[in-house]
Each structure stands twice: as C-alpha cells, then as structure tokens.
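Below are the chains, spelled out letter by letter.
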Amino acid sequence: MATPRVCVLRAPGTNCDRETAFAFETAGAQAERVHLFRILEKPELLSDFQTLCIPGGFSYGDDVGAGVVFASQLRTQLAEVIGEFLQKDTLVLGICNGFQVLLKAGILPGGAGEWTNRDQTERQSTLTWNANGRYTDLWVNLKSCSEKNVFLKGVDTLESPIAHAEGRFIVKDESVIADWEANGQIALRYCDESGKTSKEILDYPVNPNGSLQNIAGLGDPTGRILGLMPHPERFLFATHHPQWTRKNLTGEGAGMQLFRNAVEYFG
Ligand SMILES: NC(=O)CC[C@H](N)C(=O)O
C-alpha cells in the first residue's frame, strides 16, 4: 500500500497538531507538521502531499472569530495552490478549528468546484457561538449520515469529545441543507446514545452547541473533504474514553477509523 503524505497545517495558536499527526502516523500515513508561514514562503511545498489536515486549536487566538484569519490567508495568499490541491485526487480534513477554517475559507461546502468562484459565491453557512454562550468541553455521540464521505467509510456511530466555543452550525436559508443531504454532504449529526438523531434541534448535551439540524460535520460534493467539530484524534485508543474501565472498552477508539480510511483511500 502506498504511504500517503499528510500535511498537518498549523498556524500561530494551533494546539492539536501533534495529536493529529500522531493519529495519521498510527493509521499508517507519513504525517508532517507544517507551519503556515513555511507554505506562505514556498507555496509549492503543498504539492508534496496527498492529504491536507487543518487541526484544532485557537489559530490567531480566535481573534475576529474562530478560524477567520487563518481562512483569509488561505483564500487570499494561497488561493492558487489550494485550488490545484483540491483539483487533484487528494483528501482534506478539518477538525474543530480546522472545520471553522475550511468553512470560512470557502473550501467547504463547495470544494474544488466552487473554489475558483469563491469571491462571487455568497457564503451560505458558518459556525458561530455555541447556543449556551460558553466554551463547552464534553463527549458526544455522532451518527454518520453520508455514504459518500471517504473518512466515514464503515462508520455508523461514534463517540468523540468536543471542546469549542464557536461550534454552532447555522445557515442563511435552511432549504440548502436538503440539497447538501441529497449530495451526501451532511456527514455527521449529533445523536443520542442509541444512535437516534433528528432534524429538529436536540437538547443539550446531545446537541452540545445548538447546531441546526444537529449537524456536526460537513463534506464537499466529491466526499474527499470532511470538516467536523468533534475531535476524532482524541479517541484513538479505548483508554482515551473517560469510562473505559466501567464500559470494559479495549483496543482502538472509534476515532481511529477516520484516519485509517484516509490512509486506505490511497491503498
Ligand atoms: N478545539 C478547537 O479546535 C477549538 C476551536 C475554537 N478555538 C473554538 O473555541 O471554537
């Protein structure tokens, strides 16, 4: 199997890059933590990689809004190389702050298809302050809703931690969600312990932030891009789970499958 190279792109304030690189490495990829300033200096470096991952954290201190500054650097200073990267048979993963960046840059939900028109396309959706107005840190249940998304192959439900202040997914006009759903772009929804979810906003803590239609993750039309608020890299081993002894969990954690899928895609 070919070993894909993963660029874990970090900016000032990113703090989940080591764990995320470790997750990809454990799944069999070759992951490199690359500082955004290196790519700004030498944009062609990005073409050495098959996967781009923007990890979680507080890029630029969440100033102006989480992910906004990082996203605007991608949109303006790196537009060309990002466009080339998206056109190729590559994967993109954005975790938490990374999801915020993908959405605010306009890499999601349109992917390569919309990237060239990103300045003409009005942004339909965003991630804003949690309904409870607070930074919220807990474990949630997720239901995979897309058969198309590469990262979610073989995933039905998974538990994962969330840790964010600006994770409430909202849209300007709710009717776009039906189109995204038909396209397989609605990737993950918050659900209860039995895996049940709904389009009505479920109560806290099942839906921890008040996201519309309980949406926790979104993909592009090709299924090669995924952005999600929860942190799969924090559940690689059973022992990461707060109740692993009580629940007798052993072996891998549910988050591992997403990284393995990303590696096997290139197999
Ligand atoms: N864990 C994260 O990546 C946090 C994202 C962002 N800083 C927020 O609080 O919303």
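Residues numbered from 1 in each chain as written. Predicted model: local features only at pLDDT ≥ 70, side-chain atom pairs only at ≥ 80, totals over all residues.

As annotated in an unreviewed UniProt entry, the protein carries the name Phosphoribosylformylglycinamidine synthase and is attributed to Thalassoglobus polymorphus.

**Let's talk about the overall build of the protein**
Across its full length, the protein holds eight helices and eleven strands. Taking 267 residues into account, the globule formula puts the C-alpha radius of gyration at 18 Å, and the protein, at 17 Å, falls close to it. Taken over the C-alpha atoms alone, the protein extends approximately 50 × 40 × 35 Å along its principal axes. Within the protein, the fraction of its 267 residues that count as buried is 49%. Long-range contacts, defined as pairs at least 24 residues apart, comprise 75% of the intrachain contacts of the protein with a sequence gap of at least 6. (Helix = DSSP H or I, 4+ residues; strand = E, 2+ residues; numbered from the N terminus. Rg over C-alpha atoms; globule rule 2.2 N^0.38 Å. Buried ≥ 20, exposed ≤ 12 C-beta atoms within 10 Å, placed from the backbone. Contact = placed C-beta atoms within 7 Å.)

**Considering the site of the ligand**
Taken together, 13 residues surround the ligand, and among them Gly-56, Cys-96, Asn-97, His-164 and Ala-165 come closest. Classifying every residue of the shell around the ligand gives six nonpolar, five polar and two charged. (Near = placed C-beta within 6 Å. Nonpolar A, V, L, I, M, F, W, Y, C, P; charged D, E, K, R; others polar.)

**Points about unusual backbone geometry**
Of the consecutive residues Leu-108 and Pro-109, the connecting peptide bond is found in the cis state with omega at 0°. Structurally, Pro-109 is set in the loop between helix H5 (97–105) and helix H6 (112–115). Here the amide bond leading from Tyr-204 into Pro-205 is cis, since omega sits at 5°, within 30 degrees of zero. Checked against the element boundaries, Pro-205 lands in the loop between strand E9 (186–191) and strand E10 (215–219). Although it is not a glycine, Val-64 sits at a positive phi angle of roughly 70°. Here Val-64 shows up in the loop between strand E3 (51–54) and helix H3 (68–77). Taking the number of C-beta atoms within 10 Å as the measure of exposure, Val-64 has 10 and is therefore exposed. For Cys-96, which is not glycine, the phi dihedral falls at a positive 55°. For Cys-96, the location among the structural elements is in the loop between strand E4 (91–95) and H5. Taking the C-beta count within 10 Å as the criterion, Cys-96 has 29 such neighbours and is therefore assigned buried.

**What to know about H5**
Counting buried residues in H5 gives nine out of nine residues, a clear majority hidden from the surface. Along H5, the residues that are buried comprise Asn-97, Gly-98, Phe-99, Gln-100, Val-101, Leu-102, Leu-103, Lys-104 and Ala-105. Against E3, H3, E4, strand E5 (125–128) and strand E11 (225–228) lie the buried residues of H5. One or two positions beyond H5, positive phi appears at Gly-106, with a value near 90°.

**Things to note about the packing of H3 against H5**
It is at 8 Å that the axes of H3 and H5 come closest, and there the two elements cross at 50°. One finds that H3 runs oblique with respect to H5. With respect to the hand of their crossing, H3 and H5 are arranged in right-handed fashion. Contact with H3, carried on its side by Val-68, Phe-70, Ala-71, Leu-74 and Arg-75, involves Val-101, Lys-104 and Ala-105 of H5 and no other residues of that element. Of the residues that constitute the contact of H3 with H5, the class distribution is six nonpolar, no polar and two charged. (Axes fitted to C-alpha atoms, helices over the stretch in contact; angles between N-to-C directions. Parallel < 35°, antiparallel > 145°, perpendicular 65-115°, else oblique. Left-handed = near helix turned anticlockwise from the far one by under 90°.)

**Overview of the sheet that holds E9**
Spatial strand order, E2-E1-E3-E4-E11-E10-E9-E6-E7: nine strands in an open sheet with mixed pairing. On the outer flanks of this sheet lie strand E2 (30–35) and strand E7 (157–164), each paired with one strand and no other. Between one strand and the next, the sheet's axes are offset by a mean angle of 25°, whatever the strand orientation. With four bridges joining them, E3 and E4 adopt parallel strand pairing. Residue pairing for E4: Leu-52 is matched across the bridge by Val-92. (Pairing = 2+ DSSP bridges.)

**Quick word on the pairing of E2**
Two elements, strand E1 (residues 5–10) and E2, share six bridges in a ladder whose sense is parallel. When the bridges of E2 are listed, Val-8 appears paired with Arg-33.

**With respect to the environment of Val-155**
Within the secondary structure, Val-155 sits in the loop between strand E6 (136–144) and E7. C-alpha of Val-155 to C-alpha of Leu-258: the two residues are 103 residues apart in sequence and 8.2 Å apart in space. Excluding anything up to four places from it in sequence, Val-155 contacts Ser-144 and Gln-257.

**Things to note about the nonpolar core**
Judged by nonpolar contacts, the single largest core of 71 residues is most densely connected at Leu-102 and Ala-262. With sequence-adjacent residues up to four places away left out, Leu-102 is seen in contact with Ile-54, Val-92, Gly-94, Ile-107, Leu-108 and Gly-227. (Core = buried A, V, L, I, M, F, W, Y, C linked by C-beta atoms within 7 Å.)

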